[in-house]
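The primary structure of each chain is shown beneath.
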Amino acid sequence: MPEVTMLVRAGHLVPSHDQPVIHGGAVAVAGDKIEAVGAYEDLLMRYPKAERIGGDQFLLIPGLINGHGHGRGLTDFQRGALDNTLESWLLDTRKYIPVSTYDDIAYSAARLLKSGVTTAMHNHILKDPAGFQQEFDEGLKAYGDAGMRVQFNPGVRNDNPFVYGDNQAFLASLPETLRKILTTPLPAGSLSAANFVETVRALYKQCQSPMCRIGFGPLAPQWCTNDLLLEVRKAAVELNAPIHVHAVQSVFQKVYGLQFLGKTLVQHMSDIGFLGRGVVVGHCVWPTEKDIEILAKTGTAVTHHPSCNLRVRNGISPAYHMLKAGVLVGLGLDGKSINDDDDMIQEMKVCYLLHRLPSLELDSPHISARDVFKMTTENNAALLGFGQELGRLEPGRLADMVLLDYEKMCRPFVDPSHDPIDVLLYRGLGTHVHTVMVNGRIVVQAGKLLTLDEEAIAHRLAEAASRPRMEKEKALVQAMDELKHHAIRYYEGWPKKVKAEPYFMINSRTDGLL
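Rules used in this analysis
Residues numbered from 1 in each chain as written. Predicted model: local features only at pLDDT ≥ 70, side-chain atom pairs only at ≥ 80, totals over all residues. Heavy atoms only, no water. Pairing = 2+ DSSP bridges. Helix = DSSP H or I, 4+ residues; strand = E, 2+ residues; numbered from the N terminus. Axes fitted to C-alpha atoms, helices over the stretch in contact; angles between N-to-C directions. Phe/Tyr/Trp six-rings, centres within 6.5 Å; stacked < 30°, edge-to-face > 60°. Buried < 20%, exposed > 50% of the residue type's maximum accessible area, 1.4 Å probe, protein only. Lys NZ or Arg CZ within 6 Å of the ring centre and 35° of its normal. 1 Å grid on protein atoms, 1.4 Å probe; cavity = no way out; pocket = protein on both sides within 12 Å on 5 of 7 lines; lining within 4 Å. Points joined across faces, edges and corners; volume = space filled by probe spheres on them. Nonpolar A, V, L, I, M, F, W, Y, C, P; charged D, E, K, R; others polar. Arc of directions from axis to C-beta.

A few words now on the sheet that holds strand E17 (residues 448–449). Taking strand neighbours across the sheet as the criterion, the eight strands line up as E3-E2-E1-E4-E14-E15-E16-E17 in an open arrangement whose pairing is mixed. Pairing within the sheet leaves two strands with one partner each, and these edge strands are strand E3 (33–39) and E17. As paired strands, strand E1 (residues 6–13) and strand E2 (residues 22–30) are joined by seven bridges and run antiparallel to one another. Bridged to Arg9 within E2 is Ala26.

Bringing the sheet that holds strand E13 (residues 329–331) into the picture now. Strands sit in the order E10-E11-E12-E13 across an open sheet of four strands; the sheet is parallel. Strand pairing shows two members of the sheet lacking a second neighbour, strand E10 (243–247) and E13, which therefore form its edges. Averaged over all neighbouring strand pairs, the angle between strand axes comes to 30°, with direction disregarded. Bridging between strand E12 (residues 301–304) and E13 involves three bridges; their strand directions are parallel. Each residue of the ladder has a partner; that of Thr303, found in E13, is Gly330.

What follows deals with the packing of aromatic side chains. Considering all chains together, one arrives at 14 aromatic pairs under this definition. Relative to Phe152, the ring of Phe136 has its centre 5.9 Å away and its plane inclined at 80°; by these criteria the two rings are edge-to-face. Here the residue Phe136 occupies a position in helix H4 (residues 132–146), and Phe152 occupies one in strand E7 (residues 149–156), the gap between them amounting to 16 residues. Among the residues examined, Phe136 registers a relative accessible area of 0% and is labelled buried. Feature note: the residues Tyr164, Phe170, Trp223, Phe252, Tyr256, Phe260, Tyr490, Tyr491 and Trp494 constitute an aromatic cluster, connected by ring pairs. Positioned above the aromatic ring of Phe386 is the side chain of Arg213, whose terminal nitrogen or guanidinium carbon lies 4.0 Å from the ring centre.

Let us look at the layout of surface pockets. The volume enclosed by the second largest pocket comes to roughly 900 Å³. Along its surface, the second largest pocket is lined by 28 residues, and Trp286, Ala500, Glu501, Pro502 and Tyr503 are the ones closest to its centre. A per-class count over the lining of the second largest pocket returns 16 nonpolar, seven polar and five charged.

Here E2 runs beside E3; their pairing, made up of six bridges, is antiparallel. By the bridge assignment for E3, Val29 is matched with Ile34. The loop that links E2 with its antiparallel partner E3 comprises two residues; one of these, Gly31, has a positive phi angle of about 65°.

Each neighbour pair has its own omega, and for Arg411 with Pro412 the value is 0°, a cis peptide bond. Topologically, Pro412 is positioned in the loop between helix H16 (406–410) and helix H17 (420–427). Positive phi, normally seen in glycine, also occurs at Asn160, with a value near 45°. Here Asn160 is to be found in the loop between E7 and helix H5 (167–172). For Asn160, a relative accessible area of 4% puts it in the buried group.

In this section: helix H11 (residues 289–298). Every buried residue of H11 is accounted for by Asp291, Ile292, Ile294 and Leu295. Down the axis of H11, the buried set is contained in an arc of 160°. They therefore lie on one face. In H11, the exposed positions angled more than 90 degrees off the buried face are occupied by Glu289, Glu293 and Lys297. Following H11 by one or two positions, Gly299 has its phi on the positive side, about 75°.

As far as function goes, none of this settles anything; it's purely spatial.
What follows is the structure in structure tokens.
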């Protein structure tokens, strides 16, 4: 048994979402594991030789977990894509000037760590399909160098490349010059549906470790054929590897399922045998009540991305209703936090405030601060496959934890009767994070990242992203702008095809009484 080498002390210790506060508490760390949790004075007597960090001014919590992300160190907004409706905004994200995959992901990991995130799901969307192996290597090295735990899920798509529906008819309606640009084949050797599963299998065999888990990231049921989805599902079961997919993110995706498949996308994935434990659906803004029943019955999990859904005009996911139905719901930043800064604590706050609306009755049930805390710790740990190792501070679990400056958070005064988790969600910021431990190793100390040179990375990113566009890149920007014009026209009127009966009321446009 490893020797206890460190006591992490705090005036307020919250071991998990369902445990009371331990005032004057501490966690004893032995190697990469938690040995004991309890009163500081008791642990000090048991382990007098252990190094001591922390103090009475701190709040100690489990490491936060980002349930869904893409590792964008430079955000989409920073790179020129102004937030707008998903289906038009996505075309703007194809215009970016390339930057180093390593630097981009390393800078994202740095921001996450400094806001208390110790583990993240990374769905890797390729910049260069022909250079996929280098991108995977650089991305995994970035997380390793940062000292961050990661579930790395390469993405793939092979259907509906331009719009949801009849892409051949859509292409035929475009000008010939634009059609020629859009149908240029990928270079030989690119990652594709044909080699995707074997590529992920090889990555799994090479890189699976306690700090890195490899999974599958087929982007969405509207962007992947049934054959590809089922091939992924079969391989994932064989490897006991996770799957992360996006679905029913926008009203246009809901219409696509109903109009072209005759059912919702959740029902479609269930019918083909794709859903089940180990599968996580990102966003899930537009599910039906039957969809929610299917998710709960099949054990399929969901990640909720409140800020992203607001920013790209998706709507508000019925996360509260999914939780009530027994769906495992986690929380993810998706690289689009409310302040464009990957502050996970702020994301928890947005989630908490949005979901106080399920009913307008006085003192009615709603998501609590502890519920959101659970989503970001234990739920995210479970849906990423770390359910027995992360999400709680208790003996035998991995030593991932965060010390926050609680005195600063409460300055000049907060009534001491408040639960510290309520205080965290009302007043907390990523800047209150003082110390972050991942796997028993301190990676952030006094708010400073110890593992990477952030300034050097930021300088390289800025230099790469700000260079003048080459002629080929200018032509791509023009083509995407033209394609966006045609796509907007294609989707015109789609939202009116759906009968709107929201899960909760936010206002009323009429003056009548029932």
